[in-house]
Amino acid sequence: MSKTGRRRPERGLTPEIASAILPGMSRRKTIVFLGDGMADEPIPELGHRTPLQAAATPAMDEIARRGSSGTLLTLPEGYPTSSDVANMSVLGCDLATEMCGRGPLEALGRGIPLGPDDLCFRMNLVRVDAAGVLRDYSGGQIDNGEARRLIERLNATLGSDKIRFFPGVRYRNLLVLSGPEFHPAVHCEKPDDHHGDRMDELLPKALAPEAEPTAALLRELIHKARAILPDGRANAIWPWSGGRIGTLRKLTDRFGITGAVISAVDVIAGLGRALGLEVISVPGATGYIDTHYEGKADAALEAIQHRDFVYVHVEGIDEVSHEQRLDLKLKAIEDFDRRLIARVMARAGSGLVYAVLPDHPVPIRHGKHTRTPVPVAVCGPGIPADAVQTFDELACRQGGLGAMKGDDFVRLLFGPPRL
């Protein structure tokens, strides 16, 4: 039951909320604040509260108090628990027909051209111990300069006209296999799900007989890289989420809007570009909790003057959640609220639609993504207020937006699609 005594909707928007919100929403400027991995579970050290409940988040609470709240299912069963899937869900993509793998999206984000026979994998630089156990999926948060030198070494020793390594942001790099003989039906485990596990038990596997040569090559590259890379913070490679470039329906065309994305990580930039959004780079944006929050806020304020929609993504909360650093997660959430969201809202005023949500949970207890629906709050002109007063996992479940899924969230923001 909600705080007003009315039964909470089981799924989707209530008719009252939908009729109040949907007409004309595409004509209102909208900023979405996406705190990657921000949702969590109750933690004993916090008095059985979640980090969102324990942290000081007056700006997010204001969005919840002024508007309507609910939840959104971003990682449905049958799909990887990765950020590309989650953000595609947030932005209303059809996972059944538009999934292409994280690798191609990150290549698009970096402006790396891919041909129809190119199979692109996201490739982490990771650290394993002498026994082959994964100790750090991020290579000790390796910096860009060191990562680039390792990629150059891999290209010099393992690269060819069919095997190419590309540098990305810190530990997030790319492997491209070029040729029609390479097959995408290969299962690769997600590295940040396997801290403390033996790498040789998690190697790529073919999902079809014709993909076995591709899986065998990936296993060979992983083995050879261990002998090539120095025994430093990052001493191994982990390719995963491979695919060929696909076709996503542009969000801008579907809803007749203009938009931009602000993010420090390639997968979000690539997804934004695929959806027709302009990608805005912010100097000092790092993909970690030392990112330039104020720079992102100011870029959003500038972008919304000339566009209908701005998607502001912050990665650092996710990173420290994987590291299982509760102290840093609390700080990152508060920085996200105070230095980014509050700054934008104070300067842009109440005439905009504001939405805040994570893309998926990363509970500190697990250090990995879970499929639990995430909290959502939206406020702005034409959006009625429900009884929810704070932005957190428990309070938002009682909100008037109900349990959203599919493209409910983007329809909430922009109305029925034109295409």
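Once a new chain begins, its residue numbering starts again from 1 and follows that chain's sequence as written. Under the rules for a predicted model, residues below a pLDDT of 70 receive no local features and side-chain atom pairs below 80 are neither given nor counted, while totals for whole chains, interfaces and linings still include all residues. Hydrogens are left out, water is left out, and the side-chain values use all remaining heavy atoms of the structure.

Q: Would you mind showing me how to read the overall build of the protein here?
A: Comment: elements are numbered from the N terminus, with helices defined as DSSP H or I runs of at least four residues and strands as E runs of at least two. For the protein, the count of helices and strands is 14 helices and 15 strands. A compact globule built from 419 residues would reach a C-alpha radius of gyration of about 22 Å, and the protein, at 21 Å, matches this within 12%. Here the C-alpha coordinates of the protein stretch approximately 60 × 50 × 40 Å along the principal axes. Whether a residue is buried, partly exposed or exposed follows from its accessible area with a 1.4 Å probe, protein chains only, as a fraction of its type maximum: under 20%, in between, or over 50%, in that order. Counting only residues that meet the buried cut, the protein has 60% of its 419 residues in that class. For this analysis, residues touch if any pair of their heavy atoms sits within 4.5 Å. Within the protein, counting contacts between residues at least 6 apart in sequence, those at least 24 apart form 74% of the total. Averaging the locations of the 51 positively and 54 negatively charged side chains of the protein gives two centres separated by 3 Å. Taken over C-alpha atoms, the radius of gyration is set against a globule rule of 2.2 Å times the number of residues to the power 0.38. Positive charges come from Lys and Arg alone, negative charges from Asp and Glu alone, with His and the N- and C-terminal ends not counted. Charge placement uses NZ in Lys and CZ in Arg. For Asp and Glu, CG and CD serve respectively.

Q: What is the right way to look at the pairing of strand β14 (residues 374–379) in this model?
A: Successive side chains on a regular strand alternate, one facing one side of the sheet and the next facing the other. Most of β14 is tucked away: six of the six residues are buried. Burial along β14 is two-sided: the face carrying V374, V376 and V378 and the face carrying P375, A377 and C379 are both buried. Two elements, strand β2 (residues 68–72) and β14, share five bridges in a ladder whose sense is antiparallel. By the bridge assignment, G70 is partnered in β14 with V376. Judged from the three bridges that link them, strand β13 (residues 353–357) and β14 form a sheet pairing that is antiparallel. Among the inter-strand pairings, A355 is bridged to a residue of β14, identified as V378. Note on pairing: DSSP must find at least two bridges between two strands before they are called paired.

Q: Would you mind showing me how to read the packing of aromatic side chains here?
A: The rule is short: rings of Phe, Tyr and Trp, with Trp giving its six-membered ring, pair when the centres are within 6.5 Å, and they are stacked under 30 degrees, edge-to-face over 60, tilted in between. Within this structure, the stated rule accounts for five aromatic pairs. Ring plane angle 20 degrees and centroid distance 6.3 Å describe the contact between F33 and Y354, whose orientation is recorded as stacked. Of this pair, F33 sits in strand β1 (residues 30–35) while Y354 sits in strand β13, and the two are 321 residues apart along the sequence. Judged by its relative accessible area of 0%, Y354 is buried. Taking 5.1 Å as the distance between ring centres and 80 degrees as the angle between the ring planes, the aromatic pair formed by F309 and F414 counts as edge-to-face.

Q: Sorry if this is basic, but what is going on with the nonpolar core here?
A: Formed by 49 residues in total, the largest nonpolar core has its most connected members in F33, F336 and V356. If one sorts the elements of this core by residue count, helix α13 (residues 326–348) sits on top with 10 residues. With sequence-adjacent residues up to four places away left out, F33 is seen in contact with V312, F336, L340, I341, V344, Y354, A355, V356 and L357. Counting residues in each nonpolar core, the second largest holds 41 residues, with V90, L91, L105 and F414 among its members. In these notes, a set of buried Ala, Val, Leu, Ile, Met, Phe, Trp, Tyr and Cys residues joined through side-chain atoms within 4.5 Å is what counts as a nonpolar core.

Q: Can you walk me through helix α8 (residues 212–228) in this structure?
A: Because each turn of an α-helix spans 3.6 residues, side chains separated by three or four positions in sequence point in the same direction. The terminal C-alpha atoms of α8, which comprises 17 residues, lie 24 Å apart, in line with the 24 Å expected from a rise of 1.5 Å per residue. Looking at α8, one finds that the buried residues are T214, A215, L217, L218, L221, I222, A225 and I228. Buried residues along α8 cover an arc of 160 degrees about the axis, so they all sit on one side. The outward face of α8, more than 90 degrees from its buried face, is lined by the exposed residues P213, H223 and A227. In this scheme, a helix's expected span is set at 1.5 Å multiplied by one less than its residue total. By construction, the arc corresponds to the directions joining the helix axis to the C-beta atoms.

Q: Sorry if this is basic, but what is going on with the pairing of strand β10 (residues 259–262) here?
A: The alternating pattern of β10 places G259 and V261 and A260 and I262 on opposite faces, both of which are buried. For crossovers, right-handed means that the path from the first strand over the helix to the second runs clockwise, given strands pointing away from the viewer. The parallel pair β10 and strand β11 (residues 278–280) is bridged by helix α10 (residues 266–274), and the resulting crossover is right-handed.

Q: Looking at this model, I keep getting lost on the sheet that holds strand β12 (residues 309–314). Mind explaining?
A: In a beta sheet, neighbouring strands pair by backbone hydrogen bonds and run either parallel or antiparallel. Judged by pairing direction, the sheet is mixed, and its eight strands sit side by side in the order β11-β10-β12-β1-β13-β14-β2-β15 without closing on themselves. The outermost strands of the open sheet, each flanked by one partner alone, are β11 and β15 (402–404). Mean inter-strand twist for the sheet, computed between neighbouring axes without regard to direction, equals 20 degrees. Direction of pairing for β1 relative to β12: parallel, over a ladder of six bridges. When the bridges of β12 are listed, F33 appears paired with V312. Strands β1, β2, β12 and β13 of the sheet are contacted by helix α4 (residues 83–90), whose axis makes an angle of about 155 degrees with β12. Comment: axis = line fitted to C-alpha atoms, over the contacting stretch for helices; angle = value between 0 and 180 degrees taken between N-to-C directions. Helix-sheet contacts for α13 involve β1, β12 and β13, and the interaxial angle to β1 is about 175 degrees.

Q: Before we go on, may I ask you to explain the side chain of D337 in this structure?
A: Checked against the element boundaries, D337 lands in helix α13. Sequence-distant contacts of D337, defined by excluding residues within four places in its chain, comprise A56, T57, P58, A59, M60 and A342.

Q: Is there a simple way to explain the packing of helix α3 (residues 58–66) against α13 in this structure?
A: How two helices sit against one another is set out by the angle between their axes and by the gap between those axes. Taken N-terminus to C-terminus, the directions of α3 and α13 make an angle of 60 degrees; their axes are 7 Å apart at the nearest point. Between α3 and α13, the crossing angle belongs to the class labelled oblique. Contacts between α3 and α13 involve P58, A59, M60, E62, I63 and R66 from the former and I333, F336, D337, I341, A342 and M345 from the latter. When residues are sorted by character, Ala, Val, Leu, Ile, Met, Phe, Trp, Tyr, Cys and Pro go into the nonpolar class, Asp, Glu, Lys and Arg into the charged class, and all the rest, Gly among them, into the polar class. Residues of the contact of α3 with α13, tallied by class, amount to nine nonpolar, no polar and three charged. Orientation is classified from the angle alone, with under 35 degrees giving roughly parallel, over 145 giving roughly antiparallel, 65 to 115 giving roughly perpendicular, and any other angle giving oblique.

Q: What should I look at first to understand the pattern of salt bridges in this one?
A: Where charged atoms of side chains with opposite charge meet at close range, the side chains can pair. By definition, a salt bridge exists where a carboxyl oxygen of Asp or Glu is found within 4 Å of a side-chain nitrogen of Lys or Arg. Tallied over the full model, the rule gives 32 salt bridges. Note that D266 is salt-bridged to R110, the shortest N-O span being 3.2 Å. Of this pair, D266 sits in helix α10 while R110 sits in helix α6 (residues 102–110), and the two are 156 residues apart along the sequence. For D266, a relative accessible area of 8% gives the class buried. A single salt-bridge network, built from bridges that share partners, covers E294, K331, D335, R338 and R339.

Q: Can you walk me through the side chain of D318 in this structure?
A: The topology assignment puts D318 in helix α12 (residues 316–322). Setting aside its immediate chain neighbours within four residues, D318 contacts D36, G37, H360, V362 and H369.

Q: Got a minute to help me understand α13 in this structure?
A: In this model, α13 (23 residues) spans 32 Å end to end at C-alpha, consistent with the 33 Å of a helix rising 1.5 Å per residue. Note on bend: at a given residue it equals the angle between the axes fitted to the 7 residues ending there and to the 7 starting there. Its axis deflected by about 30 degrees at A342, α13 carries its strongest bend there. Two residues or fewer past α13, G349 is found with a positive phi of approximately 80 degrees.

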